[in-house]
Amino acid sequence: MTTHVDLAAKAEAFAALHTPAAPLALANAWDVASARIVAAAGAPAVATTSAGVAWSLGSPDGDALARDRALDLIARVVAAVPVPVTADIEGGFGGGATAVGETVTGVLSAGAVGINIEDGHRDPAEQIERLAAARAAADAAGVPLYINARIDTYLRGFGEDATRLDDTLARAAAYLRAGATGVFVPGVLDPDTVAELAKGIDAPLNILLGPDAPTVAAFGALGVSRVSLGSWVAEAAYAVVRRATEELISEGTYGALAHSLPYGELNDLLKG
């Protein structure tokens, strides 16, 4: 049985993976099978994607999934892989700071050692309270939970272009003071902006990657400590479903299945 001492050691090991010299590269999983594939491919950690998790459970992304279902999935993923797991908990699965603390307690009970928590449309002052509650819950459990504070200024285009960088840096500083461990800024790939973010944030910086983005090494050279694919992998998997179906119906052919994982390999991954 995993103890808080074990979780603390795993959390410390996970935090140590964040370095610009070799950025932690996360191909986000959304169920047990995808998590095992990621781990078997050599990933040093597994991260969940909230969108992929929600979709796989029949729910839209965006704080619509029930917390107990999300926590159950996290526990299943943790039990399935030998590496540290960090869970995307959207906005915290709760209407206020107290609820966020309860979610974090559940995340730790599930065995994860990291979380992503986003600010979205929330006022930064409210997000500060939510982050402080998350840190307090982790401290009460004696686990140095890696809290990756997601800032949505670039992803959602908040504010004016001229002030967006300063706003992001101000949020990052406030979120770190509230208890965040690292900062996640999706929606920005411009090298100059990324370099300014890495320079101005006194913590590991996480960037969201996808098609046509520069390489992981290129971002490491800019000071990025962690990169992730977010929902892109789940989106690509579901795109295969659509392509295969459309091809089957319209052409009567099966080319979309050409690069499938072998049945036996997948089946063996889920044994034991």
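In this text, all values refer to a predicted model and were calculated from it rather than measured experimentally.

Attention shifts here to the overall build of the chain. Helix and strand content of the chain: 11 helices and 8 strands. In terms of overall dimensions, the chain is globule-like: its C-alpha atoms have a radius of gyration of 19 Å, near the 19 Å expected for 272 residues. Dimensions of the chain along its principal axes, counting C-alpha atoms only, are 55 × 50 × 35 Å. Burial statistics for the chain: of 272 residues in total, 47% are counted as buried. Restricting the contact set of the chain to residue pairs at least 6 apart, pairs at least 24 apart contribute 66%.

So, on to the pairing of strand S3 (residues 85-88). In S3, alternate side chains face the same way, and those of Val85 and Ala87 on one face and Thr86 and Asp88 on the other are all buried. Where S3 and strand S4 (residues 114-118) come together, 3 bridges link them in parallel fashion. For Asp88, the partnering residue across the bridge sits in S4 and is Asn116. Each parallel crossover has a hand, and the one from S3 via helix H5 (residues 97-110) to S4 is right-handed.

The subject of this paragraph is the side chain of Thr103. For Thr103, the position within the fold is in helix H5. At 2.7 Å, the side chain of Thr103 and the backbone oxygen of Gly92 are in polar contact. Sequence-distant contacts of Thr103, that is, excluding residues within four places in its chain, are made with Arg67, Leu71, Ile89, Gly92 and Phe93.

The subject of this paragraph is the sheet that holds strand S5 (residues 146-150). Ordered by their spatial adjacency, 8 strands build an open sheet running S1-S8-S7-S6-S5-S4-S3-S2, and the pairing between neighbours is parallel. Pairing within the sheet leaves two strands with one partner each, and these edge strands are strand S1 (24-26) and strand S2 (46-47). Looking at chain direction, S2 and S3 are connected through 2 bridges and run parallel. Following the sheet pairing, Val46 is matched in S3 by Val85.

Each value, and the rule that gives it
- Residues numbered from 1 in each chain as written.
- Predicted model: local features only at pLDDT ≥ 70, side-chain atom pairs only at ≥ 80, totals over all residues.
- Heavy atoms only, no water.
- Helix = DSSP H or I, 4+ residues; strand = E, 2+ residues; numbered from the N terminus.
- Rg over C-alpha atoms; globule rule 2.2 N^0.38 Å.
- Buried < 20%, exposed > 50% of the residue type's maximum accessible area, 1.4 Å probe, protein only.
- Contact = heavy atoms within 4.5 Å.
- Pairing = 2+ DSSP bridges.
- Right-handed = clockwise from strand over helix to strand, strands pointing away.
- Polar contact = N/O pair within 3.5 Å; in protein donor to acceptor, adjacent residues only side chain to side chain.

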